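If you want the building blocks of each chain, they are given just below.
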Protein chains: 2
Amino acid sequence: MKPTDQPYVHGYDQRENIRLHDQASTLVELLHADTAYPPGSHVLEAGCGVGAQTITLARNSPDAQITSIDISERSVAEAQKKVEDAGYTNVSFQQGDIFNLEYAPESFDHIFVCFVLEHLARPLDALNALKHFLKVGGTITVIEGDHGSAYFYPDNEASHRAIQCQIELQKRAGGNANIGRALYPLLTAGGFRSINVSPRMVYVDTSKPHFVEGFTKNTFTAMIEGVRASSIEAGLIDESTFDEGIKGLYRTTEPDGVFCYTFFKATAQK
Amino acid sequence: MKPTDQPYVHGYDQRENIRLHDQASTLVELLHADTAYPPGSHVLEAGCGVGAQTITLARNSPDAQITSIDISERSVAEAQKKVEDAGYTNVSFQQGDIFNLEYAPESFDHIFVCFVLEHLARPLDALNALKHFLKVGGTITVIEGDHGSAYFYPDNEASHRAIQCQIELQKRAGGNANIGRALYPLLTAGGFRSINVSPRMVYVDTSKPHFVEGFTKNTFTAMIEGVRASSIEAGLIDESTFDEGIKGLYRTTEPDGVFCYTFFKATAQK
């Protein structure tokens, strides 16, 4: 899932630390506010896609040297245009396959991987491949969602079934839509140390209209709606159940509705 | 669920606000660290049970006057002994039914309700009954779990089925084990204002051995294990599936396991 790109505001209240987490006003703030790399450090963004996260990396670490790669030439071009249009000059772009990169070993101080492992059949191999290019003592940051973390009020069995279609289709494509919860075991298996996994729960009720629109409707429900045809074609669900599920997800955006989803952000050292 | 009673430590780090939430070292800290009532204020703890939360209330608000009630005379006696043994003198205890209390209207500045609504067939009526005794401008704090928020690695269908037994039994007893996600709509329906719901996610991996033992094993899994006989007797599940489910929950406490559960803490004003 790609969060929308929004400016963020730092919070410095000493006395309500827990609330600050809850009050993150955008998904970008919730996921990325605590990622900033030191001046002069070399950062590899592996799997930049069309640059949704690259913009935030560039802004949060203005004096770091960021290298953003993606396997898709077209995505790289789009990401590059986006970042250049935004006026950032601290990112260089290259087409590249995580499993076949040509950098020298230990070329990077930090590696950043966001919404990538969920699509890979061999996420552990990907981590090991990337580790090769990380300096000893350098950090890796991994952010992933977990569709099994979605629950809501009112509850609705058809909605869970529609979500399950997305999970199953992603599985058939070799990925894992529930990979967020597995970041700790993955990084452990990859031999990283000082692993810290920090769940970033998106809790949405009417008091957070920005998240009702931006997350529940336009990010999560839109994503599930997007697999309607392929889910029905694959025989995973019938049309009316799927449509009832989507209706149930929209129902959670009404004034008495609640929607919960959790992203997982992991950091670790080589 | 009753959290274990543990001392807590305040955190004052300005720069890692989000991590402070993750790093809460005990469940008591995660749920209660931000509840403290001013000197001289009158606080009603409705449904104190055997005093698991009363101890924390008494410690965090040493100069507030706390009145703790429970419908069970025996629980009240146990809570009173616990609090007196701990040396706190700021709590008075009374047997009382939330639906039939004899205080004057608007007797209390603050009301605290923790792990109570989940057991009630009419949680909204309970909130309305309590509101009667709250001063205008006073606050209510409600904390509840949500068993539908439990997910884990490795995932295990039998474990979800065993958890579902607990949910179903609680439902048949008139309660709602998934009430956490419904606090916002409940407080809205009760006519409260300035409602703020703050999810408190318990994320457990091997790096948090205290939570592996204290929460995953001894709180959550123990609770599910406790409904084995009644679940099988009610025909909700067969023995081998239930036992496989429990085994799956213990599996999440092994070095590569992960367990997630979310409590919801709501505050609102009359």
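Residues numbered from 1 in each chain as written. Chains lettered and ligands numbered in written order. Predicted model: local features only at pLDDT ≥ 70, side-chain atom pairs only at ≥ 80, totals over all residues. Heavy atoms only, no water.

Undergrad: Talk me through the overall build of chain A; I want residue IDs and the actual numbers.
TA: Helix and strand counts for chain A stand at ten helices and eight strands. Against the compact-globule benchmark of 18 Å for 270 residues, chain A has a radius of gyration of 19 Å, which places it among compact chains. Principal-axis analysis of the C-alpha atoms places the extent of chain A at approximately 55 × 45 × 35 Å. A buried classification covers 56% of the 270 residues belonging to chain A. The long-range fraction of contacts in chain A, counting pairs at least 24 apart against all pairs at least 6 apart in sequence, stands at 79%. When the accessible surface of chain A is split by element, carbon and sulfur atoms take 49% of a total near 11,000 Å². (Helix = DSSP H or I, 4+ residues; strand = E, 2+ residues; numbered from the N terminus. Rg over C-alpha atoms; globule rule 2.2 N^0.38 Å. Buried < 20%, exposed > 50% of the residue type's maximum accessible area, 1.4 Å probe, protein only. Contact = heavy atoms within 4.5 Å. Areas by Shrake-Rupley, 256 points an atom, 1.4 Å probe, with all protein chains shown as cover.)

Undergrad: So what about the packing of aromatic side chains? Which residues, and what values?
TA: Two descriptors summarise a pair of aromatic rings, namely the distance from one centre to the other and the angle between the planes of the rings. Residue and element names in this part refer to chain A. If you walk through the whole model with that rule in mind, you get 24 aromatic pairs over all chains. Judged by centre distance (5.9 Å) and plane angle (5°), the ring pair of F152 and F259 falls under stacked. Separated by 107 residues along the polypeptide, F152 in strand β6 (residues 151-153) and F259 in strand β8 (residues 258-269) bring together distant segments of the chain. By way of ring pairs, the aromatic residues F115, F152, F215, F220, F259, Y261 and F263 are connected into one cluster. The lysine or arginine in question, R122, covers the ring of F99, its NZ or CZ lying 4.5 Å from the ring centre. (Phe/Tyr/Trp six-rings, centres within 6.5 Å; stacked < 30°, edge-to-face > 60°. Lys NZ or Arg CZ within 6 Å of the ring centre and 35° of its normal.)

Undergrad: Break down the state of the cysteines for me, with residues and values.
TA: Residues and elements named next belong to chain A. Per the stated rule, a full pass over the model turns up zero disulfides over all chains. With no disulfide of its own, C114 has C48 as its nearest cysteine by sulfur position, at a separation of 11 Å. Residue class for C114 comes out buried when judged on its relative accessible area of 3%. (Disulfide = S-S within 2.5 Å.)

Undergrad: Run through the environment of Y151(B), naming residues and quoting values.
TA: The residue Y151(B) is located in strand β6 (residues 151-153) in this model. Exposure remark for Y151(B): the relative accessible area of 4% places this residue in the buried category. In contact with Y151(B), not counting residues within four places along its chain, are D146(A), G148(A), S149(A), R181(A), T262(A), F264(A), H160(B), M201(B), V258(B), F259(B) and C260(B).

Undergrad: Lay out the nonpolar core with the relevant residues and their values.
TA: Proteins that are soluble and globular tend to have nonpolar side chains buried together. Within the largest apolar cluster, 44 residues are counted, with the highest numbers of intra-cluster contacts made by F215(B), F220(B), I224(B) and F259(B). If one sorts the elements of this core by residue count, helix α8 (residues 209-225) of chain B sits on top with six residues. (Core = buried A, V, L, I, M, F, W, Y, C linked by side-chain atoms within 4.5 Å.)

Undergrad: Explain unusual backbone geometry to me, using residue names and the numbers behind them.
TA: Residue and element names in this part refer to chain A. Cis peptide bonds are those with omega within 30 degrees of zero, and the linkage from Y153 to P154 qualifies with -5°. Position of P154 relative to the elements: it lies in the loop between β6 and α6 (157-172). With phi around 50°, S194 is a residue other than glycine that occupies positive phi space.

Undergrad: A description of the packing of α6(A) against helix α8 (residues 209-225) of chain A should follow, citing residues and the corresponding values.
TA: All names here are of chain A. Interaxial distance between α6 and α8 falls to 9 Å at its minimum, and their mutual angle equals 75°. With respect to α8, the element α6 is oriented roughly perpendicular. Contact residues: A162, I163 and Q166 in α6; F220, M223 and I224 in α8. (Axes fitted to C-alpha atoms, helices over the stretch in contact; angles between N-to-C directions. Parallel < 35°, antiparallel > 145°, perpendicular 65-115°, else oblique.)

Undergrad: Go over the environment of N178(A), please, and point to the residues and values.
TA: All names here are of chain A. Looking at where N178 falls in the secondary structure, it is placed in the loop between α6 and α7 (183-189). Owing to a relative accessible area of 15%, N178 belongs among the buried residues under this scheme. Residues N178 and S149, spaced 29 residues apart in sequence, show a C-alpha to C-alpha distance of 7.9 Å. Not counting the four nearest positions on each side in its chain, N178 is found in contact with D146, H147, G148 and I167.

Undergrad: Run through the pattern of salt bridges, naming residues and quoting values.
TA: With the rule as written, the count across this model stands at 28 salt bridges over all chains. Across the pair E106(A) and K270(A) runs a salt bridge, and its minimum N-O distance is 3.9 Å. Here K270(A) lies in the segment after β8 and E106(A) lies in the loop between β3 (91-95) and β4 (108-114), a separation of 164 residues in the sequence. Linking R181(B) and D146(B) is a salt bridge whose minimum nitrogen-to-oxygen distance equals 2.8 Å. With R181(B) in the loop between α6 (157-172) and α7 (183-189) and D146(B) in the loop between β5 (134-144) and β6, this residue pair connects regions lying 35 residues apart in the sequence. (Salt bridge = Lys/Arg side-chain N within 4 Å of Asp/Glu carboxyl O.)

Undergrad: Before we move on, can you summarise the pairing of strand β7 (residues 193-204) of chain B with the specific residues and values?
TA: Residues and elements named next belong to chain B. A large share of β7 lies buried, amounting to ten of its twelve residues. Summarising the sheet, β7 and strand β8 (residues 258-269) pair through ten bridges and their orientation is antiparallel. The partner of N196 across the bridge, within β8, is T267. (Pairing = 2+ DSSP bridges.)

Undergrad: Now, about the environment of Q164(B): what can you tell me, with residues and values included?
TA: Residue and element names in this part refer to chain B. Tracing the chain through its elements places Q164 in helix α6. Residue classification places Q164 among the partly exposed residues on the basis of a relative accessible area of 43%. The spacing of Q164 and H147 is 17 residues in sequence and 8.4 Å in space, taken between C-alpha atoms.

On their own, these measurements won't tell you what the molecule is for.
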